[in-house]
Amino acid sequence: DAGVIQSPRHEVTEMGQEVTLRCKPISGHDYLFWYRQTMMRGLELLIYFNNNVPIDDSGMPEDRFSAKMPNASFSTLKIQPSEPRDSAVYFCASTHSGRGTDTQYFGPGTRLTVL
Amino acid sequence: GIQVEQSPPDLILQEGANSTLRCNFSDSVNNLQWFHQNPWGQLINLFYIPSGTKQNGRLSATTVATERYSLLYISSSQTTDSGVYFCAVALDTGRRALTFGSGTRLQVQP
């Protein structure tokens, strides 16, 4: 299995621009998570989906952030408009329920820099 | 929300030494994972261990759920063990999201 795939790996943009991050979960996994890592706040959940349905978006910072999962093999996290304080590493993770383990597998992350 | 505390925050070892990292959590959990974040930023799964003991090579982990702590043991450390070790838990309420500790930064010197 290829593991969780994220793109792009690095993104540099200017304040005010729209940014779209992409994630392909491990095939057969029914949960998908978006986390963000910053120096100030560490690793924190933004949103997670089960069977393509958003379950908990309590970590989404504000209306500038939105996430979608149109099908079981693809999710996007969009920031519009972007701000310098959005600079962080964004991780996508996935897991499969019902196999006696809830191990979450993480993608390589997208390092976002907003100038 | 649940609190996850890791200790020590920083650790410097000579190659070949052993170490123990600790994770305390404030509520009942149904998921506990240990991760290693390497210098390239990748989060590598080490253990899924909501209870009990597991071993994988030079690494082992023990979780005592009733006392709300977990330990990660690293034996015969190597320079490639350097990085940040995170403990992450999910509450025993059905909510799947992981709450991460602040990590232990390990530096293994040759």
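Scroll up for the structure.
Basis of the calculations
Every chain's residues receive numbers from 1 upward, in the order its sequence appears when written. The lettering of chains begins at A and the numbering of ligands begins at 1, in the order of writing. Residues qualify for local features only when their pLDDT is at least 70, as the model is predicted, and side-chain atom pairs are given and counted only at 80 or more; totals for whole chains, interfaces and linings, by contrast, use all residues. Note that the side-chain values use all heavy atoms of the structure and ignore hydrogens as well as water. Counting rule for disulfides: a pair of cysteine sulfur atoms within 2.5 Å. By definition, any uninterrupted DSSP run of H or I lasting at least four residues is a helix, any uninterrupted run of E lasting at least two residues is a strand, and each is numbered from the N terminus. Contact definition: two residues touch when any of their heavy atoms are within 4.5 Å. By buried area we mean the combined loss of accessible area, with a 1.4 Å probe, across both parts when two parts are placed together. Salt bridge, as applied in this entry: a Lys or Arg side-chain nitrogen positioned within 4 Å of an Asp or Glu carboxyl oxygen. Nitrogen and oxygen atoms within 3.5 Å of one another constitute a polar contact, given that in protein one can donate a hydrogen and the other can accept it, and given that sequence-neighbouring residues count only through two side-chain atoms. Residues are grouped as follows: nonpolar covers Ala, Val, Leu, Ile, Met, Phe, Trp, Tyr, Cys and Pro; charged covers Asp, Glu, Lys and Arg; every other residue, Gly included, is treated as polar. Only buried residues count toward a nonpolar core. Its members are Ala, Val, Leu, Ile, Met, Phe, Trp, Tyr and Cys residues joined through side-chain atoms within 4.5 Å. Relative accessibility under 20% of the residue-type maximum defines a buried residue, over 50% an exposed one, and the middle range a partly exposed one, all with a 1.4 Å probe and only protein chains included.

Draft legend 1. Spotlight on the state of the cysteines. Under the criterion given, the structure shown has two disulfides over all chains. One disulfide bridge connects A:C23 with A:C92, the sulfur atoms lying 1.9 Å from each other. The sign of the -70° torsion about the S-S bond sets the A:C23-A:C92 disulfide as left-handed. In this pair, A:C23 sits in strand β3 (residues 19-24) while A:C92 sits in strand β9 (residues 88-95), placing the two residues 69 residues apart along the sequence. Bridging B:C23 to B:C87, the disulfide has an S-S length of 2.0 Å. When the S-S torsion is -60°, as for the bridge of B:C23 with B:C87, the disulfide is left-handed. Taken together, the residues B:C23 in strand β3 (residues 19-25) and B:C87 in strand β9 (residues 83-91) connect sequence positions 64 residues apart.

Draft legend 2. Expanded view of the interface of chain A and chain B. Each side of the interface is counted separately: chain A has 19 residues, and chain B has 16 residues. When chain A packs against chain B, the two sides together hide about 1600 Å² of surface, and 51% of this comes from carbon and sulfur. Ranking the residues of chain A by area buried against chain B places A:L43, A:D102 and A:F106 at the top, with a combined share of 33%. Counting across the interface, chain A meets chain B through two salt bridges. Notably, a salt bridge pairs B:R95 with A:D56, separated by 2.5 Å at the nearest N-O pair. Scanning the region where chain A abuts chain B turns up ten residue pairs in polar contact (both at pLDDT 80 or more). Of all the secondary-structure elements, those providing two or more residues to the side of chain A that touches chain B are β4 (31-38), β5 (42-50) and β10 (105-106) of chain A. Grouping the amino acids of the side of chain A that touches chain B by side-chain chemistry returns ten nonpolar, seven polar and two charged.

Draft legend 3. Local environment of the nonpolar core. Grouped together as the largest cluster of nonpolar side chains are 22 residues, with contacts concentrated most on B:W34, B:L72 and B:V89. Sorting the residues of this core by element identifies β2 (10-14), β3, β4 (29-37), β5 (43-48), β7 (59-64), β8 (69-74), β9 and β11 (104-109) of chain B as the ones contributing at least two each. Ignoring anything within four residues of it in the chain, the contact list for B:V89 reads B:I2, B:V4, B:F25, B:V29, B:N31, B:L32, B:A97, B:L98 and B:T99. By size, the runner-up hydrophobic cluster in this structure holds 21 residues, among which are A:L21, A:L32, A:Y90 and A:V114.

Draft legend 4. Local environment of unusual backbone geometry. For the peptide bond that leads from A:Q80 to A:P81, omega is -5°, which places it in the cis range. With respect to the secondary-structure elements, A:P81 resides in the loop between β8 (74-79) and β9. Note that the residue after B:S7, namely B:P8, is joined by a cis bond; omega there is -10°. Secondary-structure assignment places B:P8 in the loop between β1 (4-7) and β2. In this structure, A:N52 is a non-glycine residue whose phi angle is positive, near 75°. Examined against the element boundaries, A:N52 turns out to sit in the loop between β5 and β6 (53-56). Looking at A:N52, the relative accessible area reads 29%, which means it is partly exposed. Non-glycine residue B:S76 carries a positive phi angle of around 45°.

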